[in-house]
Amino acid sequence: MPEKNPETHVIDFRAAEQLLAARDPRGAVKLLDSVIGAHPENTAARLLRARAFFAAAQLRPAELEFELVLEREPDNAFAHFALARTFQRAGRPEQATRHFRLAAALDPKPEYLQAARFEDRDGESRD
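Once a new chain begins, its residue numbering starts again from 1 and follows that chain's sequence as written. Totals for whole chains, interfaces and linings use all residues, but because this is a predicted model, local features are given only for residues with pLDDT of at least 70 and pairs of side-chain atoms are given and counted only at 80 or more. Only hydrogens and water are removed before side-chain values are computed, so all heavy atoms of the structure are retained for them.

An unreviewed UniProt entry lists the chain under the name Tetratricopeptide repeat protein, with Streptomyces glycanivorans given as the organism.

Written out as structure tokens, the structure reads:
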């Protein structure tokens, strides 16, 4: 197989975005594997691959990718929010709450603020 050039990686990244939008997360992951293999430092590609893993219900790989993004960009509110949703889906509410609150603190978007609401131990919202 011929070696891919940088333009091919950009095309693969854009195609992966389209595959994810078209609800083919596994196809997106396959394309992003080659992009990340050639450019492991590419945070945008890693974030997209994390989203694709999440969409494919591959929660552990999604968690690892989101955490890697946050190591590089600790102020990335979206990555905190997405990691929180990953923890929530995996049945890890304490970790989810921590990252929902970090996302809301970094960027007070309505959906981040709503997700970060404080709850009683019974799961009841406090206003």
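From this point, the narrative continues.
## As for the pattern of salt bridges
Oppositely charged side chains are able to pair whenever their charged atoms sit close together. Using the following cut-off: Think of a salt bridge as a Lys or Arg side-chain nitrogen and an Asp or Glu carboxyl oxygen that are within 4 Å of each other. Secondary structure follows DSSP: runs of H or I at least 4 residues long count as helices, runs of E at least 2 residues long count as strands, and numbering of each begins at the N terminus. Each residue is assigned to one of three classes by its accessible area relative to the maximum for its type, calculated with a 1.4 Å probe on protein chains only: buried under 20%, partly exposed between the two thresholds, exposed over 50%.
Under the defined criterion, the tally for this structure stands at six salt bridges. In this structure, E17 and R14 form a salt bridge, with 3.0 Å as the shortest nitrogen-oxygen distance. On the criterion of helical spacing, the pair formed by E17 and R14 is a turn pair, its members being three residues apart in helix α1 (residues 6-21). Note on E17: relative accessible area 29%, which makes it partly exposed. A salt bridge links E65 to R46, with the nearest nitrogen and oxygen atoms 3.2 Å apart. You can see E65 sitting in helix α4 (residues 59-72) and its partner R46 sitting in helix α3 (residues 43-55), a full 19 residues away along the chain. A relative accessible area of 7% means that E65 is categorised as buried.

## Concerning the nonpolar core
Applied cut-off: Nonpolar cores are built from buried Ala, Val, Leu, Ile, Met, Phe, Trp, Tyr and Cys residues. Side-chain atoms within 4.5 Å join them into one set. Residue contacts follow a heavy-atom distance rule, with two residues in contact if any of their heavy atoms lie within 4.5 Å.
Grouped together as the largest cluster of nonpolar side chains are 33 residues, with contacts concentrated most on L32, A45, L48, F66, F100 and Y112. Within the residue set of this core, elements represented by two or more residues are α1, α2 (25-38), α3, α4, α5 (77-89) and α6 (93-106). Excluding residues that lie within four positions of it along the chain, L32 makes contacts with F13, A16, A45, L48 and R49.

## Re the environment of E63
Condition: Any N or O atom pair separated by 3.5 Å or less is treated as a polar contact, with the protein-specific requirement of one donor-capable and one acceptor-capable atom, and with residues adjacent in sequence counted only for side-chain atom pairs.
Position of E63 among the secondary structure elements: in helix α4. Separated by 27 residues in sequence, E63 and A90 place their C-alpha atoms 9.8 Å apart. Contact partners of E63, with chain neighbours within four places excluded, come to L83, T86, F87 and R92. At 2.7 Å, the side chain of E63 forms a polar contact with the side chain of R92.

## As for the packing of α1 against α2
The criterion, for reference: Lines fitted to C-alpha atoms define the axes, with helix axes restricted to the stretch in contact, and inter-axis angles between N-to-C directions lie between 0 and 180 degrees. Reported orientations rely on four angle classes, namely roughly parallel under 35 degrees, roughly antiparallel over 145, roughly perpendicular from 65 to 115, and oblique for the rest. By definition, turning the near helix anticlockwise from the far helix through less than a right angle yields a left-handed crossing, and turning it clockwise yields a right-handed one. Ten residue types, Ala, Val, Leu, Ile, Met, Phe, Trp, Tyr, Cys and Pro, are classed as nonpolar, four, Asp, Glu, Lys and Arg, as charged, and the remainder, Gly among them, as polar.
At their nearest, the axes of α1 and α2 sit 8 Å apart, and the two run at 155° to each other. As summarised for this structure, α1 and α2 are arranged roughly antiparallel, according to the angle between their axes. Every pair of crossing elements has a handedness; the one defined by α1 and α2 is left-handed. Of the residues in α2, those touching α1 at H9, D12, F13, A15, A16, L19 and L20 are P25, G27, A28, L31, L32, S34, V35 and A38. Residue classes in the contact of α1 with α2 are distributed as eleven nonpolar, three polar and one charged.

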